[in-house]
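Reading the structure
Listed here are the chains, written in short residue letters.
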Amino acid sequence: PPKKSLPAASPVSTTGLDSEFLQRQLDRVEALLEITEKRKGQYRPLTPSSMLNGSLPDVWVTHHVAYTSKYGMGFLLSDGSSGVFFNDSTKITLSNDHKSIEYVERKRTSVNEPQRVDVLAGCHTLDQFPDSLNKKVTLLKHFRNYLLDHQSNGEGEQETQRTPPEQQSSNLIYVKKWFRTRHAILFWLSSGIVQVVFFDRTEVIITKDESSIVFCDKL
C-alpha cells in the first residue's frame, strides 16, 4: 500500500505513559509502511484467513462501529466476544457464550496517582446485573446485534473463521483505548496488542512484546 502519514487526532484522552506508548506504536507502523512500499512486488502479503498458524495473536478486532456523538465504539473480537468502549472511558464486554459480562472503569489507584488506570468494577451475568448498568448493557446488545447483522450480510471486514474456545469470566479481552487518524483507526487491546485498521482495508497488528509486526492485506 502507499505510504501513509498518521497524525494523532484522538477523541479520547491519551496522556502520560499511555500516550507515549501509542505514539511509539504509530512510529513503528510508519516505518513498516516505508519498508512495505520499498519491497512492493517482492513478497506475497498474507491475509487474516491464511494466518492461523500462530502468526496472529489469539484475539483481535474483526468488526467495529463508532457512534461517538452519543455513546462510543462497539466492537466484535475474533474469539466471538463483543464489547463497547463508551465515551466516558468505561468499557463493557460480553463473553462469546453470551453469558458473562465484565464492566471496567477508569480510576486512580491512589489519591496521589495522577494517571487513571483500568479497574475491573464488576463481573455479572447477562441476566443479572446492577440496575446502574441497565443502559450500558442495552447498548452492548444493540451494538453487538448491529455488527453481527453487518457481518452476516457480508459488509465490512470478513471475519476469520475458527471455533472460539469458551471464555472464563474475569479474563475477557476488551478495547482498552482507541483513536482515529486521517487514514486509520488504532485499537489497543487489554491483552497488550496494538491493531491499526486502515481505511483502505489493510491492517497492521503489533504483538504484545513488540517483537513482531503483522501486515494483513485487504481481501
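The structure reproduced in this document is the subject of the present report. Every value quoted in this text rests on a predicted model; they were computed, and no experiment measured them.

Our focus in this paragraph is helix α2 (residues 134-152). Its 19 residues place the ends of α2 27 Å apart at the C-alpha level, agreeing with the 27 Å of an ideal helix rising 1.5 Å per residue. Listing the buried residues of α2 in full gives Lys136, Val137, Leu139, Leu140, Phe143, Arg144 and Leu147. Along α2, the residues classed as buried sweep out an arc of 160° about the axis, all on the same side. Those residues of α2 that are exposed and aimed more than 90 degrees away from the buried face are Lys135, His142 and Ser152. At its buried positions, α2 is contacted by β1 (61-67), β2 (72-77), β3 (82-86), β4 (91-94) and β5 (100-107).

The five strands are arranged β7-β8-β9-β10-β11 in an open sheet whose pairing can be described as antiparallel. Each end of this open sheet is capped by a strand with a single partner; those strands are β7 (175-180) and β11 (213-216). Averaged over neighbouring strand pairs, the angle between their axes works out to 15° when direction is ignored. Two elements, strand β8 (residues 184-189) and strand β9 (residues 194-198), share five bridges in a ladder whose sense is antiparallel. Looking at the pairing, Ala184 lines up with Phe198 of β9.

Taken as a whole and assessed by the stated rule, the structure comprises one aromatic pair. Consider the rings of Tyr67 and Tyr71, whose centres lie 5.3 Å apart with planes at 85°: the pair is edge-to-face. The cationic tip of Lys136 hangs over the ring face of Phe86; the distance from NZ or CZ to the ring centre is 5.0 Å. One residue, Lys176, lies across the ring of Trp188, its end atom 4.6 Å from the ring centre.

Another aspect to go through is the pairing of β7. Pairing analysis gives five bridges linking β7 to β8, with the strands arranged antiparallel. What sits directly across from Lys177, in β8, is Trp188. Taking the residues between adjacent antiparallel strands as the criterion, β7 and β8 are bridged by three residues.

Taken residue by residue, a regular strand's side chains alternate between the two faces of the sheet. The buried fraction of β5 amounts to six of the eight residues, a majority that puts the element mostly inside the structure. As judged from the four bridges shared by β4 and β5, these two strands associate in the antiparallel manner. In the sheet register, Thr93 faces β5, and the bridge partner there is Glu102. Sheet analysis places β5 next to strand β6 (residues 117-125), joined by eight bridges and oriented antiparallel.

Turning next to the pattern of salt bridges. Inspection of every chain in the model, using the stated rule, returns four salt bridges. With a closest N to O distance of 2.9 Å, Lys136 and Asp88 form a salt bridge. With Lys136 in helix α2 and Asp88 in the loop between β3 and β4, the pair connects residues that are 48 residues apart, well separated along the chain. Of the charged contacts, one joins Lys107 and Glu105 as a salt bridge, the two residues approaching to 3.2 Å between their closest N and O atoms. A residue is classified by how much of its surface remains accessible, and Glu105, at 22% relative accessible area, is partly exposed. When salt bridges with common partners are traced through the structure, they connect Lys91, Arg106 and Asp118 into a single cluster.

Definitions and limits used
Residues numbered from 1 in each chain as written. Predicted model: local features only at pLDDT ≥ 70, side-chain atom pairs only at ≥ 80, totals over all residues. Heavy atoms only, no water. Helix = DSSP H or I, 4+ residues; strand = E, 2+ residues; numbered from the N terminus. Expected span 1.5 Å × (residues − 1). Buried < 20%, exposed > 50% of the residue type's maximum accessible area, 1.4 Å probe, protein only. Arc of directions from axis to C-beta. Contact = heavy atoms within 4.5 Å. Pairing = 2+ DSSP bridges. Axes fitted to C-alpha atoms, helices over the stretch in contact; angles between N-to-C directions. Phe/Tyr/Trp six-rings, centres within 6.5 Å; stacked < 30°, edge-to-face > 60°. Lys NZ or Arg CZ within 6 Å of the ring centre and 35° of its normal. Salt bridge = Lys/Arg side-chain N within 4 Å of Asp/Glu carboxyl O.

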